[in-house]
Amino acid sequence: MKGGHCCCDHGTLNKGPLKEKSGADAVALRKKTTFLLGSLSLFAVVFLWTFSSYLTSHVLDDYDQPFLITVASSLSFLFYFIFLIVPDPLMKIQSCESAKHVVDEEDNNEDEGAVIKESLPALTINETARVAFLFFILYFCSNCLLNFSLGSGDLASVSNLASTSGFFTLLIGYFAGVEILSTLRMAAVFLSIVATLLTVIPDFSFSSKSSQAALFALSSALVYGLYSIYLKKVTKDESRVSMPMLFAFVGLYTLIFIIPGLILAHFMGWYIVKMPTSDAATNILINAIIGGLIPNYIWNVAFTLTTPLMVAIGLSFSTPLGVLAGYIKKGELKTESVLAAIIIILSFSLLNLASLNKPLDEEIDAKLLKCLGAEQKLINEKEINLS
């Protein structure tokens, strides 16, 4: 009896640490798997949106109606209303992530007896519609500005300028309390901007057309940062909202507000609507599907599984894809473009490191603050000696 009791007691003593270790390993594995899925989704979005930019630029060479192309893309989101009838796979992913987050919090606070807050309820259709209205305005403006820039500027330069959305996302997110300013994150954004400047400056021209395209592209990046952080801030937890339903309302608001305004503007002579040729119409339809409908759904997956900043920085991968496309098309590589592609890959790697390894991120910040504090102390001592 005594021996049996000892064995049982020994097992009990070791069960706790083993359970904690296995639980911690499971949490770490889930986080890595989640970020891997988010990263793969992000790469797919980048590829589709880069191809869409090329296709849009090609269409605009013969059909100079960037506003109508934006309208067509936004209207394609009406298809998402199908999820009122059939189940939405994304909602399953979001609910799983939310459940895993709650389990992780319970595991982390089990021994401390902490009180776990209940997860917020999912947004109703009416609440989603209200959130979607401002999102629709910002999203439509961002895409319209981007299409206008593609119609009046060089594709590579426009894509690179649009990739500065990472800087705007970090800045806006910091003031909104959504993003954290850390050394690795700041370094990632800085490298992204350096890479952008490397590809833009050599081909930049101060002609009015190029300047206009640059202004449109930068404005598009700014508005992207606004609607990305707005969505993160207003929902508090992205798993609360059905992203496809959110975009479905973008399509609905486009139909309700933009189409009547467009018809009025045409008859008043403020904006003349020109009918596209059959080839242009086909390309616009293809672009609406592969440049709007499909990648925006995948973007929702990436947005849910990662962070707004990571998504914004990830979009800068359009630069190396542009370099590859340029090589395939012309058979030549520019040194500054290759260097920019390498820098952007490094930038994205730093951001992934900061997101996946928060202790390392915090440790680097602590060491930097310590170094800065020591330097300031030396400066103060020198000032005292001089006085």
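Just so we're clear, the structure is a prediction, and the values are computed from it rather than from any experiment. (Residues numbered from 1 in each chain as written. Predicted model: local features only at pLDDT ≥ 70, side-chain atom pairs only at ≥ 80, totals over all residues. Heavy atoms only, no water.)

## Comments concerning the overall build of the protein chain
For step 1, the next point in the chain: A tally of regular secondary structure across the protein chain gives 14 helices and 0 strands.
For step 2, the next point in the chain: Counting helices and strands in the order they occur from the N terminus, the protein chain gives α-α-α-α-α-α-α-α-α-α-α-α-α-α.
For step 3, the next point in the chain: Counting every position in the protein chain, which comprises 387 residues, the buried fraction comes to 42%.
For step 4, the next point in the chain: A separation of at least 24 residues holds for 87% of the contacts in the protein chain among residues at least 6 apart in sequence.
For step 5, the next point in the chain: Per element, the accessible surface of the protein chain, about 21200 Å² overall, is 68% carbon and sulfur. (Helix = DSSP H or I, 4+ residues; strand = E, 2+ residues; numbered from the N terminus. Buried < 20%, exposed > 50% of the residue type's maximum accessible area, 1.4 Å probe, protein only. Contact = heavy atoms within 4.5 Å. Areas by Shrake-Rupley, 256 points an atom, 1.4 Å probe, with all protein chains shown as cover.)

## What about the packing of aromatic side chains?
For step 1, the next point in the chain: Throughout the structure, instances matching the rule amount to 24 aromatic pairs.
For step 2, the next point in the chain: Geometrically, the ring pair formed by F148 and F216 is tilted, given 5.8 Å between the ring centres and 50° between the ring planes. Separated by 68 residues along the polypeptide, F148 in helix α4 (residues 125-152) and F216 in helix α8 (residues 208-235) bring together distant segments of the chain.
For step 3, the next point in the chain: Residue F148 is classed as partly exposed on the basis of its relative accessible area, which comes to 30%.
For step 4, the next point in the chain: Consider the rings of Y174 and F175, whose centres lie 5.5 Å apart with planes at 70°: the pair is edge-to-face.
For step 5, the next point in the chain: F175 gets classed as exposed once you look at its relative accessible area, which sits at 67%. (Phe/Tyr/Trp six-rings, centres within 6.5 Å; stacked < 30°, edge-to-face > 60°.)

## What to know about the packing of helix α5 (residues 155-162) against helix α7 (residues 183-200)
For step 1, the next point in the chain: Running from amino to carboxyl end, α5 crosses α7 at an angle of 160°, the nearest separation of the two axes being 9 Å. Judged by the inter-axis angle, α5 sits roughly antiparallel to α7. Pair α5 / α7 crosses with left-handed handedness. Each of S157, N160 and L161 in α5 lies in contact with α7, whose residues at this interface are T196, T199 and V200.
For step 2, the next point in the chain: A per-class count over the contact of α5 with α7 returns 2 nonpolar, 4 polar and no charged. (Axes fitted to C-alpha atoms, helices over the stretch in contact; angles between N-to-C directions. Parallel < 35°, antiparallel > 145°, perpendicular 65-115°, else oblique. Left-handed = near helix turned anticlockwise from the far one by under 90°. Nonpolar A, V, L, I, M, F, W, Y, C, P; charged D, E, K, R; others polar.)

## What to know about the environment of I344
For step 1, the next point in the chain: Of note, I344 is situated in helix α13 (residues 335-356).
For step 2, the next point in the chain: Between the alpha carbons of I344 and P320 there is a distance of 7.9 Å; along the sequence they are 24 residues apart.

## A look at the nonpolar core
For step 1, the next point in the chain: Ranked by size, the top nonpolar core spans 69 residues in total, and within it F135, L246 and W299 carry the most contacts.
For step 2, the next point in the chain: Residue contacts for F135: discarding those within four places in its chain leaves Y227, Y230, L231, L246, F247 and V250. (Core = buried A, V, L, I, M, F, W, Y, C linked by side-chain atoms within 4.5 Å.)

## Overview of the confidence of the model for the protein chain
For step 1, the next point in the chain: Predicted confidence across the protein chain gives a mean pLDDT of 78, with 75% of residues reaching 70 or more.
For step 2, the next point in the chain: Here residues 1-15 scores under 50 on pLDDT; set against residues more than four positions off or in separate chains, the count is 0 contacts. (pLDDT = per-residue confidence, 0-100.)

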